[in-house]
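Descriptive structure summary
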Amino acid sequence: SLIVDKLLDDDFIQEKVGPGYNDLVSIKSYENVEQVGPQGQSVFIHRFPVTFKPNAQLSRKVYFSNYFFWLGEAREMGLWPVLGKIGEQFATGKWGLVTNKTEMKILGEAAAQDQVEIRVWVNGNHEKANSVLDLTFDYRKVLHDRTYERLAWCEQQVTWVKILDHGIVEAEAYPEYYWNFVKTMLPKYDAPNAPDPIPEPLAFLLNPEGDIEQYRASAKPVIEPLLFERIIETSLDNSNTVGNIYFANYYAWQGQVRDLYFYMIIPEYFRGVGEKGELLCLQTQVQHLREAMPFDTIVVSMALKQLTTYSVTFHFEYFRQEVDGSRTKLAFGEQQNVWVLRDEKGKPVPSAFPKPVIEKFESAIRG
């Protein structure tokens with residue numbers, strides 16, 4: 001930590017490296033642990049630069065699904081003292097750590113060369129068998145003056161499991177070495193698990209002025225109208241050490257289904273850099289019911305749950321397509337998006353949806 005602080009000190013780098021020191025700072029990644037959690041717990045801090053690949057938003061900002069792949073990296077780096085033992089145990093194919101649910105609010109924007117800092121901490125441990133952890137992830141952009149803007153806030157629940165058969169698991173108590181590590185990360189006292197008050201540039205888009213509800217699906221088991229379905233073929237590329245389908249894929253599939261639906265309606269809007277408007281994901285979540293495995297055929301459906309002047313909330317369901325033609329439900333989730341244009345400074349401004357999109361929504365609602 002002291003070495004990192006020294007390397008990030010501008011005067012020190014200016015003296016030792018010279019005028020090009022900013023290039024060194026921009027590629028510097030580091031990890032650190034501090035006692036700064038909202039309940040007094042240890043917080044693992046992972047900082048890294050944004051490169052080109054994540055900037056798949058039309059406006060060349062970070063695309064929302066990347067936050068979940070980054071989450072996985074930070075979560076596992078935070079386990080570094082015991083990661084080797086965990087890896088050996090998982091490699092037997094008999095044990096695993098699975099994701100129950102993840103909820104995220106996206107509150108800022110990042111682009112190439114920005115510094116992202118992810119703060120990770122344990123905010124709860126429960127079940128009698130000591131098998132379920134609640135985790136929090138605070139994503140921040142580090143500004144040039146070393147202050148912060150919040151990019152996202154995420155809460156996730158994971159379970160230590162014993163693998164009984166292909167895709168079949170049950171909760172199991174932590175092994176002793178893992179529990180000894182977890183105990184060092186638990187909250188020290190009761191307090192709200194709340195974010196520090198730092199700027200959140202996109203927070204105003206969650207409830208923009210003048211946003212009027214146009215449609216809300218009725219409260220029943222099936223959310224209607226169904227807008228679109230897409231078949232996803234999986235492989236080992238979608239898996240990890242545990243052997244199941246990695247949780248972050250579910251958010252990538254949300255994006256694929258959502259984007260293709262809009263592309264089929266307004267393809268011309270996807271041929272620039274968002275100057276005609278674009279969708280920004282503001283909130284998204286997935287609740288997992290059972291495991292998907294490599295080479296499963298997944299059907300992802302997207303239904304319209306709520307429509308307002310500027311925003312739309314989609315309901316997603318994930319099914320495994322069985323060989324007999326039936327479907328097994330794997331997970332469900334939601335995603336809130338806002339349609340924006342950008343002002344002369346690049347700030348997103350909520351805007352009405354393009355007419356063809358509104359007509360498509362209205363047609364589906366009538367149907």
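For the structure, see preceding data.
Residues numbered from 1 in each chain as written. Predicted model: local features only at pLDDT ≥ 70, side-chain atom pairs only at ≥ 80, totals over all residues. Heavy atoms only, no water.

Okay, the overall build of the protein next. Scanning the protein from N- to C-terminus turns up eight helices and 14 strands. A compact globule built from 367 residues should have a C-alpha radius of gyration of about 21 Å, and the protein, at 22 Å, falls within 12% of that. Principal axes of the C-alpha set define a box for the protein whose edges measure 60 × 55 × 40 Å. The buried share among the 367 residues of the protein stands at 52%. Restricting the contact set of the protein to residue pairs at least 6 apart, pairs at least 24 apart contribute 70%. For the protein, the exposed surface amounts to about 18100 Å²; the carbon and sulfur share of it is 52%. Averaged over its 38 positive side-chain charges, the protein has a centre that lies 2 Å from the centre of its 49 negative ones. (Helix = DSSP H or I, 4+ residues; strand = E, 2+ residues; numbered from the N terminus. Rg over C-alpha atoms; globule rule 2.2 N^0.38 Å. Buried < 20%, exposed > 50% of the residue type's maximum accessible area, 1.4 Å probe, protein only. Contact = heavy atoms within 4.5 Å. Areas by Shrake-Rupley, 256 points an atom, 1.4 Å probe, with all protein chains shown as cover. Lys, Arg positive; Asp, Glu negative; His and termini not counted. Charge placed at Lys NZ, Arg CZ, Asp CG, Glu CD.)

Turning our eyes to something else, we now look at the packing of aromatic side chains. Counted under the stated rule, the structure contains 26 aromatic pairs. With a centroid separation of 5.4 Å and an interplanar angle of 80°, the aromatic rings of Tyr-67 and Tyr-139 are classed as edge-to-face. Of this pair, Tyr-67 sits in helix H4 (residues 66–77) while Tyr-139 is found in strand E5 (residues 132–142), placing the two residues 72 residues apart along the sequence. Per residue, the accessibility class of Tyr-67 equals that of Tyr-139, and both read buried. Taken together, a centroid distance of 5.3 Å and an interplanar angle of 50° make the contact between Phe-90 and Trp-160 tilted. Residue Phe-90 is found in helix H5 (residues 80–90), and its partner Trp-160 is found in strand E6 (residues 148–165); the two are separated by 70 residues along the sequence. (Phe/Tyr/Trp six-rings, centres within 6.5 Å; stacked < 30°, edge-to-face > 60°.)

This part covers the pattern of salt bridges. A side chain of one charge can pair with a side chain of the opposite charge when the charged atoms of the two come close. Within the structure shown, the criterion is met by 19 salt bridges. Across the pair Asp-196 and Arg-140 runs a salt bridge, and its minimum N-O distance is 3.1 Å. Highlighted residues: Asp-196 in the loop between helix H6 (176–183) and strand E8 (213–216) and Arg-140 in strand E5, separated in sequence by 56 residues. Residue Arg-216 pairs with Glu-213 through a salt bridge whose shortest N-O separation is 2.8 Å. Taken together, the shared-partner salt bridges in this structure form one network comprising Asp-138, Arg-140, Arg-150, Asp-196 and Glu-200. (Salt bridge = Lys/Arg side-chain N within 4 Å of Asp/Glu carboxyl O.)

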